[in-house]
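Given next are the chains, with one letter for each unit.
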Amino acid sequence: MLEYIPNQIWLKEYPIRYAGTRFNSRMAVIRLKSGGLMLHSPCEIDASTKAEIEALGKVEFIVAPGSYHYIHVPSAQAAFPEAETFICPGVERKMPELNFDWILGDRPDPRWEEDFEQVLVRGNRFIWEVAFNHISSRTLILVDVLENITDKTEGVNWLLKFWWKAVFRMWNNPKPAPEYQMGWKDKKAAANSLRRILDWDFERIILAHGDLVEENPKEVLVAAWKGVLGS
Ligand SMILES: [Fe+2]
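Residues numbered from 1 in each chain as written. Predicted model: local features only at pLDDT ≥ 70, side-chain atom pairs only at ≥ 80, totals over all residues. Heavy atoms only, no water.

Caption draft 1: Spotlight on the overall build of the protein. Secondary structure summary: the protein contains 8 helices and 11 strands in total. Relative to the compact-globule value of 17 Å for 231 residues, the protein shows a C-alpha radius of gyration of 17 Å, a close match. Expressed along its principal axes, the backbone C-alpha trace of the protein runs to roughly 45 × 35 × 35 Å. The buried share of the protein, taken over its 231 residues, is 55%. (Helix = DSSP H or I, 4+ residues; strand = E, 2+ residues; numbered from the N terminus. Rg over C-alpha atoms; globule rule 2.2 N^0.38 Å. Buried < 20%, exposed > 50% of the residue type's maximum accessible area, 1.4 Å probe, protein only.)

What follows is the structure in structure tokens.
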């Protein structure tokens, strides 16, 4: 794992395949003020990853933050059976056999309210997620509502490149995942959610797919979301 924010946030990229495309996803491990750990959008937890995480502290929370980001939760639960599981709304329908403790919403759990602000991104037909702002490091943590696949991004196959360049025009051009772009049904609700995110204080963005955003994060988001926010 990469120690991204010293003593606070670690990242791990891992490969995924989806509809013939091949690209990477990213887990974040966050050490809370309590000392416990949150696994955000976990990857499959193999023995070496488990050992790396255990060396950082005790996993208290497993978070499936998006309606497409839950598949490895059972693996994380098996590795850390004492942790509580929080899911994005809708995951309970997509994976009915999944055991979980809580459904995420707009209010942080009291046990992490000093660590994070959070908001449910509403208004889409196909895809949802809960965005988190890590207050002390001023780091916005998203999954799919911003993707940033560029010439520098590793682990991308030809089919992903074709779709991103020729169809969705989001190669070197950060935008929400295609499911977001095709599915906005209530733009007012969506814009309200996105504006809440833009009101937060952050200086970088962790996202699931593509390069981290470390310069002008708000400008990047406003440009990416202009179809919803208006110009
Ligand atoms: Fe995703």
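Caption draft 2: Looking closely at empty space enclosed by the protein. Evaluation of the coordinates by the stated rule reveals 1 cavity of 30 Å³ or more. Of the volumes computed, that of the largest cavity is approximately 30 Å³. Lining the largest cavity we find Arg-26, Met-27, Ala-28, His-40, Ile-141, Leu-142, Val-143, Ile-206, Leu-207 and Ala-208. Counting residues per element, the lining of the largest cavity draws most heavily on strand β3 (residues 21-31), at 3 residues. Residues of the lining of the largest cavity, tallied by class, amount to 8 nonpolar, 1 polar and 1 charged. (1 Å grid on protein atoms, 1.4 Å probe; cavity = no way out; pocket = protein on both sides within 12 Å on 5 of 7 lines; lining within 4 Å. Points joined across faces, edges and corners; volume = space filled by probe spheres on them. Nonpolar A, V, L, I, M, F, W, Y, C, P; charged D, E, K, R; others polar.)

Caption draft 3: Summary view of the coordination of the iron ion. Ligation of the iron ion by protein atoms is provided by His-69 (NE2), Asp-144 (OD) and His-209 (NE2), these donors lying 2.0 to 2.1 Å from the ion. For the iron ion, the donor residues sit on a single chain with the sequence spacing H-x74-D-x64-H. Within this pair, whereas Asp-144 is found in the loop between β10 (139-141) and α4 (158-167), its partner His-209 is found in the loop between β11 (204-206) and α7 (217-224), the two being separated by 65 residues in sequence. In this structure, Asp-144 and His-209 share a single accessibility class: buried. (Donors = N, O, S within 2.8 Å, 3.2 Å for Na, K, Ca; no water.)

Caption draft 4: Summary view of the packing of aromatic side chains. Evaluation of the coordinates by the stated rule reveals 11 aromatic pairs. Taking the centre distance of 6.3 Å and the plane angle of 65° together, the rings of Trp-112 and Phe-132 count as edge-to-face. A residue pair is termed long-range when its members are at least 10 positions apart, and Trp-112 in the loop between β7 (102-103) and β8 (116-121) and Phe-132 in strand β9 (residues 129-134) qualify at 20 residues. The pair Trp-112 / Phe-132 is uniform in exposure class, with both members buried. An angle of 80° between the planes, with centres 6.0 Å apart, marks the rings of Trp-164 and Phe-168 as edge-to-face. Under the relative-accessibility criterion, Trp-164 is labelled buried at 7%. In this structure, Lys-94 is placed above the aromatic ring of Tyr-68, and the distance from its NZ or CZ to the ring centre is 3.6 Å. Of note, Lys-218 hangs over the ring of Phe-202, and the distance from its end group to the ring centre comes to 5.0 Å. (Phe/Tyr/Trp six-rings, centres within 6.5 Å; stacked < 30°, edge-to-face > 60°. Lys NZ or Arg CZ within 6 Å of the ring centre and 35° of its normal.)

Caption draft 5: Local environment of unusual backbone geometry. If you check the backbone angles, Ala-19 has positive phi at about 50° while not being a glycine. Relative to the helices and strands, Ala-19 is located in the loop between β2 (9-18) and β3. By relative accessible area, Ala-19 is classed as exposed at 67%. Of note, Ser-41 is a non-glycine position whose phi angle comes to about 55°, a positive value. Of the residues examined, Ser-41 reaches a relative accessible area of 2% and is grouped as buried.

Caption draft 6: The arrangement of the sheet that holds strand β4 (residues 37-40) in detail. Taken in spatial order, the 7 strands make up an open sheet running β1-β2-β3-β4-β5-β6-β7, and their pairing is mixed. Strands with a single pairing partner mark the edges of an open sheet, and in this sheet they are β1 (2-5) and β7. Pairing between β1 and β2: 3 bridges, direction antiparallel. Residue pairing across strands places Glu-3 opposite Trp-10, the latter belonging to β2. (Pairing = 2+ DSSP bridges.)

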